[in-house]
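Summary of the model geometry
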Amino acid sequence: MWTELPRPVSAGAEPVGHVRLGYARASTARQSLDAQLDSLAETGVTRVFSEKISTRATRRPELEAAVKLAGEIRSSGVAVTLVVHEHKRLGRGIELAMLAEELKASDVGLEFLTGELKGSHNPSGIVFTVLAAMSGMEREYIRDRTLEGHESARKRGKTIGGASVADESMLSMALHLREQEMSLRDMAKRLVITTGKKKGQHPSPATVMRMLREHDEQAAVVSAP
């Protein structure tokens, strides 16, 4: 027995059909999902992914599963929209912006049933453009602050912790992961050394801690009056 896999979509081909996937999230186990689930049911979604997990969680398994399935369905030639009660259910700030970039790359639409972004949004529409800009601005801000800190450190004869393996990209990613309250050990597993003899390996948790600590010290110097 064998199953035929979806055939690749030809460039520019019109979608055949439309699937709506729902996602609901509550921040704590005590909060009810009923209101979100009811509103999603009224819109005729095909399947709902739901979970009770904090906004600060580094991974949201059900959201990841929804995005993965949406991408797989879209690659088969069917239009897909991810439907959510409100944009805050997906995340805030750069998290939402990064998710929007991922959905845009898969050509998956977004629909919010209430809130500031209420309505349906095409991947090529203004909302995706704004969210992508937010993501870029946040990364640029982190990069600028990092460079300022490094320049200040150099003037004082100091070097970046783990200088033999650290670079601007690694530090920027480490700062983002720290905002998600990820442990040093887990952060080290997500980071990859891009230069030198240890290229392709992960830095040690101690290196990550030293890199972040010295960045904070340098940032404090820059921001001091």
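Computed from a prediction, not measured in an experiment: that's the story for all the values here.

One open sheet accounts for five strands, arranged E2-E1-E3-E4-E5; its pairing is mixed. With partners counted over all chains shown, the strands left at the sheet margins are strand E2 (47-52) and strand E5 (119-121), one partner each. Taken pair by pair, the neighbouring strands of this sheet meet at an average axis angle of 20 degrees, ignoring direction. Taken together, the six bridges between strand E1 (residues 18-26) and E2 define a ladder with parallel strand orientation. Residue pairing across strands places Tyr23 opposite Phe49, the latter belonging to E2. Relative to the sheet, helix H1 (residues 34-42) contacts E1, E2 and strand E3 (79-84), its axis offset from that of E1 by approximately 170 degrees. Its contacts with the sheet put helix H2 (residues 61-75) on E1, E2 and E3, and the angle it makes with E2 is roughly 160 degrees.

Another aspect to go through is H2. Since the α-helix packs 3.6 residues into each turn, any two residues three or four apart lie on the same face. In this model H2 runs 21 Å from its N-terminal to its C-terminal C-alpha over 15 residues, within 8% of the 21 Å that 1.5 Å per residue would give. Taken together, the buried positions of H2 are Leu63, Ala66, Val67, Ala70, Gly71, Ile73 and Arg74. Each buried residue of H2 lies within a common arc of 165 degrees when the element is viewed along its axis, so the set occupies one face. Phi turns positive one or two residues past the end of H2, at Gly77, with a value near 105 degrees.

The full count for this structure, using the stated rule, is two salt bridges. Close ionic contact of Arg20 with Glu111 constitutes a salt bridge, the shortest N to O distance being 2.8 Å. Note that Arg20 is positioned in strand E1 and Glu111 in strand E4 (residues 109-112), a separation of 91 residues in sequence. The buried category is assigned to Glu111, whose relative accessible area is 13%. We note a salt bridge from Asp107 to Arg74, for which the minimum N-O separation is 2.9 Å. Of this pair, Asp107 sits in the loop between helix H3 (94-105) and E4 while Arg74 sits in helix H2, placing them 33 residues apart in sequence. Given a relative accessible area of 35%, Asp107 falls into the partly exposed group.

Definitions and limits used
Residues numbered from 1 in each chain as written. Predicted model: local features only at pLDDT ≥ 70, side-chain atom pairs only at ≥ 80, totals over all residues. Heavy atoms only, no water. Pairing = 2+ DSSP bridges. Helix = DSSP H or I, 4+ residues; strand = E, 2+ residues; numbered from the N terminus. Axes fitted to C-alpha atoms, helices over the stretch in contact; angles between N-to-C directions. Contact = heavy atoms within 4.5 Å. Expected span 1.5 Å × (residues − 1). Buried < 20%, exposed > 50% of the residue type's maximum accessible area, 1.4 Å probe, protein only. Arc of directions from axis to C-beta. Salt bridge = Lys/Arg side-chain N within 4 Å of Asp/Glu carboxyl O.

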